[in-house]
Structures are given as structure tokens and as C-alpha cells.
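# Fold and geometry: a report
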Amino acid sequence: LKWHNLHYSFSLLIKRAKHPMDNLNIFITGGTTAVGREATRQLVARGHKVTALTQGSQGAALVRQDGGLPAFSDPFRSGEIRSLLIMSKADVVLHLMPQIPNGFPQRDAGWDANVRVLKEGTEAVVQAASETGVKCVVFASYALLYGDTHDEWATEDSQLHAGAAFRPAFEAEQRVLDGTVPA
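Calculation notes
Residues numbered from 1 in each chain as written. Predicted model: local features only at pLDDT ≥ 70, side-chain atom pairs only at ≥ 80, totals over all residues. Heavy atoms only, no water. Core = buried A, V, L, I, M, F, W, Y, C linked by side-chain atoms within 4.5 Å. Buried < 20%, exposed > 50% of the residue type's maximum accessible area, 1.4 Å probe, protein only. Helix = DSSP H or I, 4+ residues; strand = E, 2+ residues; numbered from the N terminus. Contact = heavy atoms within 4.5 Å. Expected span 1.5 Å × (residues − 1). Salt bridge = Lys/Arg side-chain N within 4 Å of Asp/Glu carboxyl O.

What follows deals with the nonpolar core. Counting residues in each nonpolar core, the largest one holds 25 residues, and the members touching the most others are F27, L85, V93, V134 and V137. When contributions to this core are tallied by element, the ones reaching two or more residues are α4 (78-88), α5 (111-130), β5 (136-139) and α6 (167-178). The element contributing the most residues to this core is α5, with five residues. Apart from the residues lying within four places of it in its own chain, the contact partners of F27 are T51, L53, A71, L84, L85, S88, A90, V92, V93 and L94.

So this is what it looks like as C-alpha cells:
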């Protein structure tokens, strides 16, 4: 996860608000991932309205506990995501659903199942965002895609690590960057 880019993106979003007291409507996929929960808590604490995609009553309870509004949908259907973005009046989408297996330990972390999330889920989010007036999409990528950067910051312009295992993550990141909504 490129924490510095995620933090930088949050900072830019807040600065882009018309007035420092303006609140943004933020839609988060992966609302019950560790990153999604922390993002919800931080954004709500700053006065932003957060709607978080989750599944089931346990996930909804976690989103509410963090101060967000839970939303339920098939994350692979752009029409359903589009409806939720309209309902939540989303200014920003944080696409954190690909972070589901991004934790320790890595044994049986679900990377194979995550390929669908990276490909179809990202496509659905980008398409829905482009159809609803969302101002920005933030995609939390993986630092491991950039290999050893020798203590240099990894940016979207950095050389990517070669390897077929990383291809779905590369493609998802590129899909977000190539979309019509600023990323």
C-alpha cells in the first residue's frame, strides 16, 4: 500500500474543498478492511460524510461503529455502484476493496480471489464514478508492485516490478489512472 500517496490524496481532497469547513461526501469500497476502517474513522473525525460498501450485518455494524453509513451492493456491478454513488452524493471514491488480502501473514491470503476484485471490481468502480460526477478516485495500490526503490518514494511514474503475478494489480492501477475521473 502506498501510504504516502493515500495520505497525500486525502490532503489534496481536503485542500480542494471550496472552503476549509466544506465537508466532502466520500464513498469507500472495502469499508471493513483495516485501511477502510481507519480511513472512515479519520474522515468522519474531520467532518466528512462517509458511505462504506460492506456485506452483511456484521460489516454494517463495523461501518456504523466507525461513524460511516453502510451500503450494500454487488461490487462487480457498475450499475449498482453507480446507484450508491448517486444516493451518497459522492464527491470522492476511495477504492480500498483490493486491500482485502493485504495483511500479515500472507499464507492463504486470498490473492487468487483478489484477481476478480482487481479486474472486475475496479472496472465497475471506475465506470460508475465516470457516470456520476465524482470528482476524484483514490486507488490504494500495493508498494510491492514497485520492488525495492532504494529509499526513494514510489509514485505512479516509478518503474513497476516485472512479473505475471503482479499483472492484475498493474492493470487495475492503470485502469484508474486512464479513467475519465482524476485519480
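On to unusual backbone geometry, then. Across residues other than glycine, the phi torsion is negative in most instances, and most of the peptide bonds are trans. Even without glycine at this site, K89 takes up a positive phi of about 55°. Within the secondary structure, K89 sits in the loop between α4 and β4 (92-95). A relative accessible area of 61% places K89 in the exposed class. Look at D151: it is not a glycine, yet its phi comes out positive at around 65°. Turning to its location among the elements, D151 is positioned in the loop between β5 and α6. Residue D151 is classed as exposed on the basis of its relative accessible area of 82%.

Residue position: L43 is located in helix α2 (residues 34-45). The exposure class assigned to L43 is buried, which follows from its relative accessible area of 4%. Separated by 18 residues in sequence, L43 and N25 place their C-alpha atoms 9.8 Å apart.

Structurally, the α-helix is built with 3.6 residues per turn, so residues lying three or four positions apart point the same way. The end-to-end C-alpha distance of α6 is 16 Å, a good match for the 16 Å that 12 residues give at a rise of 1.5 Å each. Listed as buried for α6 are P168, A169, F170, A172, E173 and V176.

Taken as a whole and judged by the stated rule, the model has seven salt bridges. In this structure, D66 and R41 form a salt bridge, with 3.0 Å as the shortest nitrogen-oxygen distance. On the criterion of sequence distance, the pair formed by D66 in the loop between α3 (56-65) and β3 (69-72) and R41 in helix α2 is long-range, its members being 25 residues apart. We classify D66 as buried; its relative accessible area is 6%.

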